[in-house]
Amino acid sequence: MKNHKLLLIGLSMTVCQLSFVPAEAQDFGIWTEANVEKKITNRLTVEGGLELRTRDDGFGELDRWSAGVGVSYKITDWLKAGLSYSLLDDHNHKVNTSGKKYADYWGLRHRVNLSLTFSQQFGDLSISLRERWQYTYRPEKTVDRYWNYTDEEDDRYEGVLADEHTYNGKAKSKWRNRLQLKYKLTKQWRPYVSGESTVGGSGLDKMRYAVGTEWRLTKQHVFDLHYMYQHSYKDDDSEGNRHVLGIGYTYKF
């Protein structure tokens, strides 16, 4: 009974948080991923995965694809360490400060994650706290920029090549904190709620709130379906406030 109450409290907290979502947040995306996990020993696991994201009107525009590999090690029953690398390819749309020139291009980024996950089981309820250091490097890239005048009487410059512009290489470090509550409803279904903060050098960058469920079809095949709301406090790699439908699949062997 206590576990059921804790789950209801967690769900209520998530709903309350979402009730304060700003009215202007209208962007929507679908994030899909496919992963594989191989258990080397009782404590050591290696993994790999692919991810594809869309934005705005769902399937209307590709936002990012990525590929990653990682390794995790269970130090104790309640503490796990992880290290991973991801190659990100992002769809960028940038406008200069005057608003007269824009660039639309794809750009690569390299990302390394180092994490510690603390977890505790209370009957069918599990609570976990993941602390993650995230380092991202964006290489220098030269792109074409185009005119973006909005004069209704003379739109001849729109879409016409203006010049080349070089975006310098840039590195960012972030600290991410995720608290998650997951409940073993049945042998196959595990609903969960979570909240995650991302902190940069100048303070809080964004918050993510999620509610979803795992569906463990078998020990090897695990599916995930969730809804997430992302609220951005700063301009973080062109990400803004966003509603996300997440769909995932993991094969374990």
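Residues numbered from 1 in each chain as written. Predicted model: local features only at pLDDT ≥ 70, side-chain atom pairs only at ≥ 80, totals over all residues. Heavy atoms only, no water.

A. Looking closely at the environment of E164. Within the fold, E164 resides in strand 8 (residues 161–167). In this structure, the C-alpha to C-alpha distance between E164 and T142, residues 22 residues apart in sequence, is 6.7 Å. (Helix = DSSP H or I, 4+ residues; strand = E, 2+ residues; numbered from the N terminus.)

B. The pairing of strand 7 (residues 141–147), seen in detail. Pairing analysis gives two bridges linking strand 5 (residues 101–122) to strand 7, with the strands arranged antiparallel. Bridge pairing links Y102 to Y146 in strand 7. (Pairing = 2+ DSSP bridges.)

C. Representation of the packing of aromatic side chains within the structure. This structure, assessed with the given rule, holds eight aromatic pairs. Where Y105 meets Y167, the ring centres are 5.6 Å apart and the plane angle is 20 degrees; that geometry is what we call stacked. Taken together, the positions of Y105 in strand 5 and Y167 in strand 8 put the pair 62 residues apart, joining distant regions of the chain. Both residues of the pair, Y105 and Y167, count as buried. An aromatic cluster of at least three residues, connected via ring pairs, comprises W189, W215, F223 and Y249. Positioned over the ring face of W31 is R53, at 3.6 Å from the centre of the ring. A cation over an aromatic ring shows up here: K94 above the ring of Y167, its NZ or CZ 5.9 Å from the ring centre. (Phe/Tyr/Trp six-rings, centres within 6.5 Å; stacked < 30°, edge-to-face > 60°. Buried < 20%, exposed > 50% of the residue type's maximum accessible area, 1.4 Å probe, protein only. Lys NZ or Arg CZ within 6 Å of the ring centre and 35° of its normal.)

D. View of the pairing of strand 12 (residues 221–232). Bridging between strand 11 (residues 203–216) and strand 12 involves 11 bridges; their strand directions are antiparallel. Of the residues in strand 12, the one forming a bridge with G212 is H226. Counted between consecutive antiparallel strands, the loop separating strand 11 from strand 12 contains four residues. Examined bridge by bridge, strand 12 and strand 13 (residues 242–252) share 10 bridges and lie antiparallel to one another. Considered in strand 13, the bridge of F223 is made with Y249.

E. Spotlight on the pattern of salt bridges. Going through the model one piece at a time under the given rule, you end up with 13 salt bridges. The salt bridge partner of K101 is D163, with a shortest N-O separation of 2.9 Å. You can see K101 sitting in strand 5 and its partner D163 sitting in strand 8, a full 62 residues away along the chain. Taking relative accessible area as the criterion, K101 reaches 19% and is therefore assigned buried. Among the ionic pairs, K182 bridges to E214, the shortest N-O distance being 2.8 Å. Of this pair, K182 sits in strand 9 (residues 170–183) while E214 is found in strand 11, placing the two residues 32 residues apart along the sequence. This pair shows no difference in class: K182 is buried, exactly as E214 is. One network of salt bridges, in which partners are shared, links R55, E61, D63 and R242. (Salt bridge = Lys/Arg side-chain N within 4 Å of Asp/Glu carboxyl O.)

F. Layout of a positive patch on the surface. Side chains of K39, R43, K74 and K80 sit close together on the surface and give a patch of like positive charge. Looking at where K74 falls in the secondary structure, it is placed in strand 3 (residues 61–76). (Patch = residues over 30% accessible without salt bridge, like charges linked within 9 Å, V, L, I, M, F, W, Y side chains within 5 Å. Areas by Shrake-Rupley, 256 points an atom, 1.4 Å probe, with all protein chains shown as cover. Lys, Arg positive; Asp, Glu negative; His and termini not counted. Charge placed at Lys NZ, Arg CZ, Asp CG, Glu CD.)

G. Layout of the side chain of E131. For E131, the position within the fold is in strand 6 (residues 125–138). Within the buried core, E131 has no salt-bridge partner, and the shortest N-O distance to an opposite charge, that of R130, equals 8.7 Å. Once residues lying within four places of it in the same chain are set aside, the contact partners of E131 are L114, S115, L116, F118, W175, R176 and N177. (Contact = heavy atoms within 4.5 Å.)

H. Region of interest: the confidence of the model for the chain. A residue-level look at the chain finds 84% of positions with pLDDT of 70 or above and a mean pLDDT of 87. Mean pLDDT in the chain bottoms out at helix 1 (residues 2–18), which sits at 46, and peaks at strand 6, which reaches 98. (pLDDT = per-residue confidence, 0-100.)

I. Main features of the environment of Y85. On the secondary structure map, Y85 appears in strand 4 (residues 79–95). Given a relative accessible area of 32%, Y85 falls into the partly exposed group. Each C-alpha atom of the pair Y85 and R111 lies 5.7 Å from the other, and the pair is 26 residues apart in sequence. Leave out the neighbours within four places in its chain, and Y85 touches A67, G68, V69, H110, R111 and V112. Among the polar contacts listed, one links the side chain of Y85 to the side chain of H110, at a separation of 2.8 Å. (Polar contact = N/O pair within 3.5 Å; in protein donor to acceptor, adjacent residues only side chain to side chain.)

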